[in-house]
Amino acid sequence: MTSCTIESSDNGKLDGFWHMEQVDTLATGGTQDLSDSLMFWCIDTKLIGVRGSGRSHNLGYYLRFTQTSDSVTVHSPHRNGWHQDHVDGGDTPLDDAKEIAPYGINNLREPFYKDRLTGSRMVLRSKTLRLHFRKF
């Protein structure tokens, strides 16, 4: 007999498919409305998948994360391996955060404070940005 371990998530309200609707720049007070865009964070178990629409965002990325009761730290970003420039399917680690900056992630390891987390809304704050999400 053999058995397998089924992993389940204990992320609570953090798990889900989140639509990024607004980004605030903390230094200037500027706001960018993304409610008509298709920018998403998908959070499940130990990974965050980020993906958007349009040619510049069609690859998708994956990041590992850790969380505490009041924060989430994303790290170890990888480019999704299933895209036109990398046909072998292997995910590629990123060594520059520029590719994931459109998703509000400006560093390869970045902590976010949970300003708000309910069953339908999430607001995460880094040192430079405040990201507003609605659960889809």
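For the structure, check the block above.
Residues numbered from 1 in each chain as written. Predicted model: local features only at pLDDT ≥ 70, side-chain atom pairs only at ≥ 80, totals over all residues. Heavy atoms only, no water.

(A) Broad picture of the pattern of salt bridges. Applying the stated criterion across every chain, the model contains 5 salt bridges. R125 is the partner of D115 in a salt bridge, and the nearest nitrogen-oxygen pair spans 2.9 Å. Taken together, the residues D115 in strand β8 (residues 110-117) and R125 in strand β9 (residues 121-125) connect sequence positions 10 residues apart. A cluster of three or more residues bridged by salt bridges with shared partners is formed by E21, R121 and R134. (Salt bridge = Lys/Arg side-chain N within 4 Å of Asp/Glu carboxyl O. Helix = DSSP H or I, 4+ residues; strand = E, 2+ residues; numbered from the N terminus.)

(B) Representation of the layout of surface pockets within the structure. Taken as a whole, the largest pocket holds about 160 Å³ of empty space. Along its surface, the largest pocket is lined by 14 residues, and F17, C42, G49, V50 and R51 are the ones closest to its centre. Among the secondary structure elements, those contributing two or more residues to the lining of the largest pocket are β3 (40-44), β4 (47-51) and β5 (61-67). Among the residues making up the lining of the largest pocket, the classes are represented as 8 nonpolar, 5 polar and 1 charged. (1 Å grid on protein atoms, 1.4 Å probe; cavity = no way out; pocket = protein on both sides within 12 Å on 5 of 7 lines; lining within 4 Å. Points joined across faces, edges and corners; volume = space filled by probe spheres on them. Nonpolar A, V, L, I, M, F, W, Y, C, P; charged D, E, K, R; others polar.)

(C) Expanded view of the pairing of β4. Bridge count between β3 and β4: 5 bridges; the pairing is antiparallel. When the bridges of β4 are listed, W41 appears paired with V50. What sits between the antiparallel neighbours β3 and β4 is a turn of 2 residues, in which T45 has the positive phi angle 50°. Judged from the 4 bridges that link them, β4 and β5 form a sheet pairing that is antiparallel. Each bridged residue has a counterpart across the sheet, and for I48 the counterpart in β5 is L63. (Pairing = 2+ DSSP bridges.)

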